Amino acid sequence: MAEDEHEHVRVAVVGSGFGGLGAAVRLRREGITDFVVLERADSVGGTWRDNSYPGCACDVPSHLYSFSFAPNPDWPRTFSGQQHIRAYLEHVTDVFGLRPHIRLNSEVTRMAWNGERLCWDIETSAGNLSADVVVSATGPLSDPKIPDIPGLDSFPGTVFHSARWDHDYDLTGKRVAMVGTGASAIQIVPSIQPVVGKLTLFQRTPPWVLPRVDRAISGAERWLHRQLPFTAQLRRGLLWGIRELQVQAFTKRPNELGFVEQLARRNMARAIKDPALRARLTPDYRIGCKRILLSSDYYPALARPNVDVVTGGLSEVRGSTLVAADGTTAEIDAIIFGTGFHVTDMPIAERVVGADGKTLAEVWKDGMEALRGASAAGFPNWMTIIGPNTGLGNSSMILMIESQLTYMADYIRQLDVLGGRVALDARPNAVRAWNHRVQERMKRTVWNTGGCTSWYLDANGRNTTIWPGTTSEFRRATRRVDLAEYDVLRAPARCDAAERQDAEVSA
Ligand SMILES: Cc1cc2nc3c(=O)[nH]c(=O)nc-3n(C[C@H](O)[C@H](O)[C@H](O)COP(=O)(O)OP(=O)(O)OC[C@H]3O[C@@H](n4cnc5c(N)ncnc54)[C@H](O)[C@@H]3O)c2cc1C
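Cut-offs applied
- Residues numbered from 1 in each chain as written.
- Predicted model: local features only at pLDDT ≥ 70, side-chain atom pairs only at ≥ 80, totals over all residues.
- Helix = DSSP H or I, 4+ residues; strand = E, 2+ residues; numbered from the N terminus.
- Buried ≥ 20, exposed ≤ 12 C-beta atoms within 10 Å, placed from the backbone.
- Contact = placed C-beta atoms within 7 Å.
- Domains from an automatic or database assignment.
- Nonpolar A, V, L, I, M, F, W, Y, C, P; charged D, E, K, R; others polar.
- Expected span 1.5 Å × (residues − 1).
- Pairing = 2+ DSSP bridges.
- Axes fitted to C-alpha atoms, helices over the stretch in contact; angles between N-to-C directions.
- Core = buried A, V, L, I, M, F, W, Y, C linked by C-beta atoms within 7 Å.
- Near = placed C-beta within 6 Å.
- Right-handed = clockwise from strand over helix to strand, strands pointing away.
- Parallel < 35°, antiparallel > 145°, perpendicular 65-115°, else oblique.
- Left-handed = near helix turned anticlockwise from the far one by under 90°.

K.L.:
How should the overall build of the protein be read in this particular structure?
P.N.:
Looking only at helices and strands, the protein has 15 helices and 20 strands in total. The principal-axis extents of the C-alpha atoms in the protein amount to approximately 85 × 55 × 45 Å. Burial status across the protein gives 46% buried among its 507 residues. Sequence-distant contacts, at least 24 apart, represent 74% of the contacts inside the protein between residues at least 6 apart.

Laid out in structure tokens, this is it:
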């Protein structure tokens, strides 16, 4: 290939978590083989590769937290651990023949829309390529966030984030600070409490925590699911149905969640006998406003004598002394940040350059929005999996991913039907109308009215992450692409180098 020439593919998928691998399976099923999956890491798995902290597991039952087209009768536990979910994704990669498409160690550093040739010019750490369509599945929870704490740079000990666990660092007997009380932190705390010397938990806001009914799935159950696959489907259906029924309370009648708060209070009272500690651990917002966490060993761990709960959050680091907002200090050897991810300011948005030369981050500076969670205006033939307002507070994200994959498949089908060099660009008024409907529905939800601040809300206080409805409503909304919501762009020029060469030869 000449220097200015590069590989061209029909579809470039970015990311190899559930979203990217699911997209790859779907493309193959649609008969499309001219695609690549670009992954910055050295293996597939996304969330389940990166989060290897002790105790890491899903908090949606495994039979629902898996692909509908790749049931696993052998899930070992109701809430399987990280290693089993990661192994499942490796298995999916093999069984569906995805390996030849996957480019590991290929970080996308820039994708720019080429309006003349109607394709995406993509720069990666492993070389450049172009694609007719980009499916961005870089994940909402893939870039860890560490808060800007004064003095942190001068901390003499070890510092790491829950999603980048330092397995070479031995926590045994150490004075450890856990910063944050989110879904990861409440799994880490009971896992490390028995081995550390002292654990200081820096809590800004206490979570609501319900008991986690986790158990090993028996050999008989697994045998049944293997022999009679409909039993596994039935199990999945029940798990899904229960969660669908809960949605109304989250979206329309948050007051109904009051009785769930009672269950959470009881869960705490069983383990925490000290009334002062109980007061510090009791949230002052409606349950569900932040993600409801599941754990039966978090509170018992907090009640152990080697654990201190410091409220107000971490405000400063002075050498090896950590200072909380309420002035409490603690001498620390290692700091573990369980402080979440860049969700509403996802780094990939800075690397995507649309039709008018602006980055997606610039277009989204006042808040993320995308038609049906997938298409942003001015970014033709680019779609995102788990885009704006597609997150869930109570069910499996795989359901939302699969709906988006149906939308993706129809999008590509529509391009085929239109024929020639063609692209679809979401109309600004269609994006606005979709987003208006979503935000109107959001007004009554517990996420907006429950009296908390959470990572669901962006810097302007707008909820740009959660889907304010049932998963079946989202499935209906993404069943097919409505061409009336898109401008159809056409170009005479061809995108790929091979076709350009052909044109030159025949001329
Ligand atoms: C600890 C933890 C527990 C969770 N538990 C649950 C649960 O129980 N239930 C649930 O529904 N959801 C859960 N989630 C949410 C979870 O993230 C989603 O369910 C799902 O795994 C997201 O899949 P994804 O493919 O969209 O993103 P990811 O799994 O994050 O994959 C994104 C991939 O994109 C790659 N990537 C990013 N940027 C680039 C780039 N520039 N170039 C190339 N590659 C790039 C990343 O390396 C990564 O491999 C959990 C999340 C975390 C962090």
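K.L.:
Even after reading the chapter, I still don't get the domain arrangement of the protein, so can you show me in this structure?
P.N.:
Put simply, an interface is often sized by how much accessible area is lost when its parts join up. Looking at the assigned domains, one finds that the protein contains domain 1 (7-142 + 342-506) and domain 2 (152-213 + 238-337). Summarising the inter-unit geometry, the C-alpha centres of domain 1 and domain 2 are found 31 Å apart. Secondary structure elements with two or more residues in the side of domain 1 that touches domain 2: helix H13 (446-449) and helix H14 (471-477). The greatest single-element share of the side of domain 1 that touches domain 2, amounting to 3 residues, is contributed by H13. The residue inventory of the side of domain 1 that touches domain 2, partitioned by class, reads 11 nonpolar, 16 polar and 4 charged.

K.L.:
Hey, could you run me through helix H6 (residues 229-251) in this one?
P.N.:
Think of an α-helix as 3.6 residues a turn; residues three or four steps apart then line up on the same face. Look at H6: 34 Å from first C-alpha to last across 23 residues, which is about the 33 Å you get at 1.5 Å a residue. Where H6 is concerned, the buried positions are Ala 232, Arg 235, Trp 240, Arg 243, Val 247, Ala 249, Phe 250 and Thr 251. Structurally, H6 contributes buried residues whose contacts are with helix H5 (219-227), helix H12 (428-442) and H13.

K.L.:
Hey, could you run me through the sheet that holds strand S14 (residues 321-324) in this one?
P.N.:
Sheet strands line up and pair through hydrogen bonds in the backbone, either parallel or antiparallel. Taken in spatial order, the 3 strands of this open sheet run S13-S14-S15, and their pairing is antiparallel. Two strands bound the open sheet, and with one partner strand each, they are strand S13 (314-318) and strand S15 (329-331). Pairwise comparison of adjacent strand axes, ignoring direction, gives a mean angle of 25° for this sheet. By the bridge criterion, 3 bridges tie S14 to S15 in an arrangement that is antiparallel. From the neighbouring strand, Thr 321 faces S15, where its bridge partner is Glu 331.

K.L.:
Can you walk me through the nonpolar core in this structure?
P.N.:
Proteins that are soluble and globular tend to have nonpolar side chains buried together. If you look at the biggest cluster of nonpolar residues, it comprises 135 residues, and the most contacted ones within it are Ala 12, Val 13, Ala 131, Val 135, Met 178 and Val 189. Sorting elements by how many residues they give to this core places helix H11 (residues 397-418) first, with 10 residues. When residues of this core are assigned to domains, at least three map to each of domain 1 (7-142 + 342-506) and domain 2 (152-213 + 238-337). When near neighbours in sequence (up to four residues on either side) are disregarded, Ala 131 contacts Val 9, Arg 10, Val 11, Ala 12, Cys 119, Trp 120 and Ile 122.

K.L.:
Quick question: what am I supposed to make of the site of the ligand here?
P.N.:
Contacts to the ligand come from 33 residues, most closely from Gly 15, Gly 17, Gly 19, Gly 46 and Gly 139. Here the residues of the shell around the ligand sort into 16 nonpolar, 13 polar and 4 charged.

K.L.:
Would you mind showing me how to read the pairing of strand S2 (residues 35-38) here?
P.N.:
Every second residue of S2 is oriented toward a common face, with Phe 35 and Val 37 on one face and Val 36 and Leu 38 on the other, all of them buried. Note that strand S1 (residues 7-14) and S2 share 4 bridges and pair parallel. Each bridged residue has a counterpart across the sheet, and for Val 14 the counterpart in S2 is Leu 38. In this fold, the crossover linking S1 to S2 by way of helix H1 (residues 18-29) has right-handed handedness.

K.L.:
Quick question: what am I supposed to make of the sheet that holds strand S12 (residues 307-311) here?
P.N.:
Taken in spatial order, the 5 strands make up an open sheet running S7-S16-S8-S9-S12, and their pairing is parallel. Edge positions in the sheet fall to strand S7 (158-161) and S12, since each has one partner strand and no second. Geometrically, the sheet is characterised by an average inter-axis angle of 20° between neighbouring strands, direction not taken into account. As paired elements, strand S8 (residues 175-179) and strand S9 (residues 198-203) share 5 bridges and run parallel to each other. Within S9, the residue paired with Ala 177 across the bridge is Thr 200. This element, helix H4 (residues 185-192), spans S8, S9 and strand S16 (334-337) of the sheet and lies at about 165° to S8.

K.L.:
What is the right way to read unusual backbone geometry from this model?
P.N.:
Leaving glycine out, the prevailing phi sign among residues is negative, and the prevailing peptide bond configuration is trans. The residue Asn 105 is not glycine, and still its phi comes out positive at about 50°. Here Asn 105 shows up in the loop between strand S3 (102-103) and strand S4 (108-114). Phi at Asn 389 is positive, roughly 55°, even though this residue is not glycine. Residue position: Asn 389 is located in the loop between strand S18 (382-384) and H11. Asn 389 gets classed as buried once you count the C-beta atoms within 10 Å, which come to 24.

K.L.:
Please clarify how the environment of Ala 370 should be interpreted in this entry.
P.N.:
For Ala 370, the location among the structural elements is in the loop between helix H10 (360-363) and S18. Not counting residues within four places of it along the chain, the set of residues in contact with Ala 370 comprises Ser 375, Ala 376, Thr 384, Gly 387, Pro 388 and Val 431.

K.L.:
Help me understand the environment of Ala 137, please; the structure alone is not making it clear to me.
P.N.:
For Ala 137, the location among the structural elements is in the loop between strand S6 (127-136) and S7. Judged by C-beta crowding, with 32 C-beta atoms within 10 Å, Ala 137 ranks as buried. Taking the C-alpha atoms as reference points, Ala 137 and Leu 21, 116 residues apart in sequence, are found 9.0 Å from one another. Setting aside anything within four residues of it in sequence, one finds Ala 137 in contact with Val 13, Val 14, Gly 15, Gly 17, Gly 19, Gly 20, Ala 23 and Ile 385.

K.L.:
Would you explain the environment of Arg 175 in this entry?
P.N.:
With respect to the element layout, Arg 175 can be found in strand S8. Counting along the chain gives 145 residues from Arg 175 to Ser 320, while the straight-line C-alpha distance between them is 10 Å. Leave out the neighbours within four places in its chain, and Arg 175 touches Gly 197, Lys 198, Glu 331, Ile 332 and Asp 333.

K.L.:
Would you explain the packing of H1 against H11 in this entry?
P.N.:
The geometry of a pair of packed helices is captured by two quantities: the angle between their axes and the separation between those axes. Their axes nearest at 10 Å, the elements H1 and H11 cross at an angle of 40°. Considering their axes alone, H1 and H11 lie oblique with respect to each other. In the crossing of H1 with H11, the sense of the turn from one axis to the other is right-handed. Within the contact between the two elements, H1 uses Phe 18, Gly 19, Gly 22, Ala 23 and Arg 26 and H11 uses Ile 398, Ile 401, Glu 402, Leu 405, Met 408 and Ala 409. Along the lines of polarity and charge, the residues of the contact of H1 with H11 split into 7 nonpolar, 2 polar and 2 charged.

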